[in-house]
Amino acid sequence: MILETTREALQSLFAESAPAVEVEAGAPRGNGVITRDYNAHGYHLDALVDAEQLLAAVQIIDQAGFFIESITGVDWIKENQLEVIYDFSRYDFDVCRVVIRIRVPRDLPVVPTITSIYAGANWHERETHDFFGIKFAGHPHLIPLLLPEDADFHPLLKDFKA
Amino acid sequence: MSAPIQLQPGETFILNVGPQHPATHGVLRVKMEMDGEYIVKAETVLGYVHRMHEKMGENRTYAQYLPNLSRLDYLGALGYTHGHVLVIERAAGIEVPERAEYIRAITVELNRLASHLFWFGCYVMDLGGFSPLMYALEDREYILDMLEAVTGARLTYCYYRFGGLYNDVDDDFIEAAKRFIPRMRKSLKKYAALVTGNIIFQKRLEGMGPISAEMCRKYGATGAVARGSGINFDVRKNEPYSVYPEFDFDIPVYHEGDSMARYKVRMDEMEQSLRIIEQGLAKLPGGPIMAEKKPKNIKLPVGDFYQAVETARGSFGIRIVSDGDKNAYRLKLRSPTYSNMHLFDEACEGMMIMDALAFMGSLDLVIPEIDR
Amino acid sequence: MSLTVLNVLVAVVIAIGFAALNAAYLVWAERRGAARIQRRPGPNINGPFGLLQPPLDGIKLMTKQIMIPGGADKILFMVAPVLAMAPAILSFVTIPFSDTIVAHNMDIGLLMIFAFASMGALAVLFAGWGSRNKYSVMASVRAVSQNVSYEIPMLITAITVVMITGSMDLKTITAAQTGGFWNWNIFPSLHSPLMPLSFILFFICSLAETNRAPFDLGEAESELVAGFHTEYGSMGFGLFFMGEYANIVIGASLTTILFLGGWDCPFGLFPGVWWFLLKIYLLIATFIWIRWTFPRTTIYGLLNLSWKILIPLSLFNLLLTAGLLKVF
């Protein structure tokens, strides 16, 4: 139930309605919403958005009553991109896990912050900044959280050498 | 009584609670701006036991990474390893024998019980009552002995394997577990009489540190923190995994949102865990404990996999981004206390320090699990 | 003349000895008692039943280096432990252990003990302020406000007893209660029907006055690390520790003298001094029992209890007793 409404709401962000089929794993994909097989992947909706669409997408999620599960990053060094993954889930019995992804170039990793919508994103974004060096534009307190306060390295980047 | 007061600018001082402080149960530091005994602003400083488990996940094979999971939360370690084996089994499509799943559920619940017992003791000690800790540890010792007999470890278990278990349980374990259940029920009654009914204890907890359901949602709080705020959320029920649908148990929910509600949720959860163990022992099927068809070196298909489990502290999520290799391309651990602790900064503003620390204890913090 | 001086000296030495011995062995009793409550053995290695533990602890504390934290007020820091211990010892001088055993009886013995007891708050304040530690300062401020607010109901309750007896002399107060245990002040009499209540008030106040759990807000180890003695080690800490136990003995003695008939023996099996000791150690055992059973109160809960419940009750009791004394 919530799955369809959220899906439609997220779909409305994109101009042309992209095909909602599951893309082959690892294949490059365009922006849009994909319904995943829950049994195989453990989540239902997978949306890839642009930096400009992120806040609108998170707003939709917030209004639908999701809670924030986590924020994390992935370093796609071959494609010279950094991915930020936002996980959302629900408290009620209408199970629906939503994953929002956003890709930014490695040399200019700037993503808008969602702390204005989800206060709990604060630490998750700081942690992602620690590990990947992704800057969250507008974040109120973007200093290292888990790393030492003078850390200038980002250990989860694939080209990080200890 | 503890209502926020009008502040005069420039009359505050900074108090560092931690990294070594008796109330923080580990190396957590909270930088508090204080006005006398009142907290004006609090900022949690993390990272004192940060070990970068996520990087280790990238450069070890999935099997090699198994012991790491139990180093996250040394009190409820089995729940975390359970999450890891489940996500691998989901991604690799490994079928787990029923007996193995039942034993997993029984041991996870025993571990949850041990974790809650330890929390109970420590929490009362935070409030200045020492003796309940000893009683709780005595009960916990029975659980640790049982788990030691089957898993070979007392705290940092590495018991589950992809597709099953490392070791089958024997009759001694089943006997011991059956003997333990009535004993624990008696203890729970004793705790209710000794601690829950104590007037000082009630006065200190009731109405302290209220967290609204909306605040839980914005911060992603799970576990007893969410259930104490009237949110009926437990991954075991909401998103059933393993053999939990086969068990008849309830999710205790309290609507007050204060420290007392969180306390009661955990105390009730112990009884529910006992029910699960009881049913698990009764229903325990025979058969193998290891999947027959299982690749020796596990490689996951390319893709992105997620699994959430309910640990003693809340919803633990593990995300594996795989590029088809023997080890993960990216492994993310979503630890429940991380989100629960995040509440603290906002919720403790305007509280007195002793109430704030009582509130902190009610969040059931395990610092290595926050810092990972 | 010189004989009187010698007498006093001997009395003071005995008082110090009694206080020190009590302090040392009450620590042992507390640890054994706590262990008993918590179903563990407690100190049992050194000597029979661990009885050598206190002297060995004393040796350890005395041989440790005294560390004064940088930036601390040295004079206050050093004075505070002495100030915690000395008044406690001096209070013993006037306590009548039996009708003959008393170091120096005074007409105003009760007043003197209260005067010395209020010096304990000063020691805590000095320690907290002198340590230059935020936790210590917070703890000492707490402890002082606690002592101030509990001295009031304690004194008012004591005055009720003084009004009935008509004397501040501890010996006279006890002597007035002799002749059968129904004469003890704890039992209601014609002039003061609320005496059991007064006893409970006084007992609660003496718990709070000695900073014992559940009123140990000055120490509050899970909040304020170790409270006012966070920065103390070696014998500085030892003196605070001994002072605490000496104060407990004083508190128990005072409760016994004011309410439980002092050395008066209900059955007369053995001499009065043994009855006195029995009574105070029973009270101390209750102190220990309470400490290991209850969680700590909050500072505002504590002050509310004093100002909103204990003080009005004790004032009411005082007025009632005064009125009844006038009538009958």
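Not measured: the values here are computed from a predicted model. (Residues numbered from 1 in each chain as written. Chains lettered and ligands numbered in written order. Predicted model: local features only at pLDDT ≥ 70, side-chain atom pairs only at ≥ 80, totals over all residues. Heavy atoms only, no water.)

Q: How should I be thinking about the sheet that holds strand E1 (residues 13-17) of chain B in this particular structure?
A: Residues and elements named next belong to chain B. A sheet is described by the order of its strands in space; here 3 strands give the open sequence E1-E2-E3, paired in antiparallel fashion. Every other strand in the sheet has two partners, leaving E1 and strand E3 (38-45) as the edge strands with one partner each. Strand after strand, the sheet turns through a mean of 25° between neighbouring axes, direction not considered. Two strands pair when backbone bridges link them, and E1 and strand E2 (residues 29-35) are joined in this way by 5 bridges, in the antiparallel orientation. Paired with Leu15 across the two strands is Met32, which belongs to E2. (Pairing = 2+ DSSP bridges. Helix = DSSP H or I, 4+ residues; strand = E, 2+ residues; numbered from the N terminus. Axes fitted to C-alpha atoms, helices over the stretch in contact; angles between N-to-C directions.)

Q: Just checking my understanding: could you explain the nonpolar core for this structure?
A: Burial of nonpolar side chains together is a common tendency in soluble globular proteins. The biggest cluster of nonpolar side chains holds 176 residues, and the ones touching the most others in it are A:Tyr86 and A:Phe88. Ranked by residues supplied to this core, first place goes to helix H4 (residues 98-126) of chain B with 14 residues. Among residues more than four places away in sequence, those in contact with A:Phe88 are A:Val58, A:Ile61, A:Phe66, A:Phe67, A:Ile68, A:Glu69, A:Cys96, A:Arg97, A:Val98, A:Ile100, A:Ile114 and A:Tyr118. Within the second largest apolar cluster, 67 residues are counted, among which are B:Phe130, C:Tyr150, C:Phe203 and C:Leu258. (Core = buried A, V, L, I, M, F, W, Y, C linked by side-chain atoms within 4.5 Å. Buried < 20%, exposed > 50% of the residue type's maximum accessible area, 1.4 Å probe, protein only. Contact = heavy atoms within 4.5 Å.)

Q: Help me out: how do you make sense of the side chain of C:Ser131 in this one?
A: All names here are of chain C. The residue Ser131 is located in helix H4 (residues 109-131) in this model. For Ser131, a relative accessible area of 1% corresponds to the buried category. Reaching out from Ser131, the side chain makes a polar contact with the backbone oxygen of Ala127 at a distance of 2.7 Å. (Polar contact = N/O pair within 3.5 Å; in protein donor to acceptor, adjacent residues only side chain to side chain.)

Q: Help me understand the packing of aromatic side chains, please; the structure alone is not making it clear to me.
A: Given two aromatic rings, their pairing is described by the distance between the two centres and the angle made by the two planes. Enumeration according to the criterion identifies 31 aromatic pairs over all chains in this entry. Considering the side-chain rings of A:Phe67 and B:Phe233, the 5.4 Å spacing of their centres and the 75° angle between planes classify their relative orientation as edge-to-face. With A:Phe67 in strand E3 (residues 67-76) and B:Phe233 in the loop between helix H9 (224-227) and helix H10 (235-238), this residue pair bridges two chains. With a centroid separation of 5.6 Å and an interplanar angle of 85°, the aromatic rings of B:Tyr102 and B:Phe247 are classed as edge-to-face. (Phe/Tyr/Trp six-rings, centres within 6.5 Å; stacked < 30°, edge-to-face > 60°.)

Q: Looking at this structure, how should I read the pairing of strand E8 (residues 330-334) of chain B?
A: Looking along a regular strand, one sees side chains alternate from face to face of the sheet. All names here are of chain B. Of all 5 residues in E8, 5 are buried; the element is thus mostly enclosed. Taking every second residue as pointing to the same face, both faces of E8 are buried, with Arg330, Lys332 and Arg334 on one and Leu331 and Leu333 on the other. As paired elements, strand E7 (residues 314-322) and E8 share 5 bridges and run antiparallel to each other. Across the sheet, residue Ile318 finds its bridge partner in E8, namely Leu333.

Coordinates in, geometry out; function isn't part of it.
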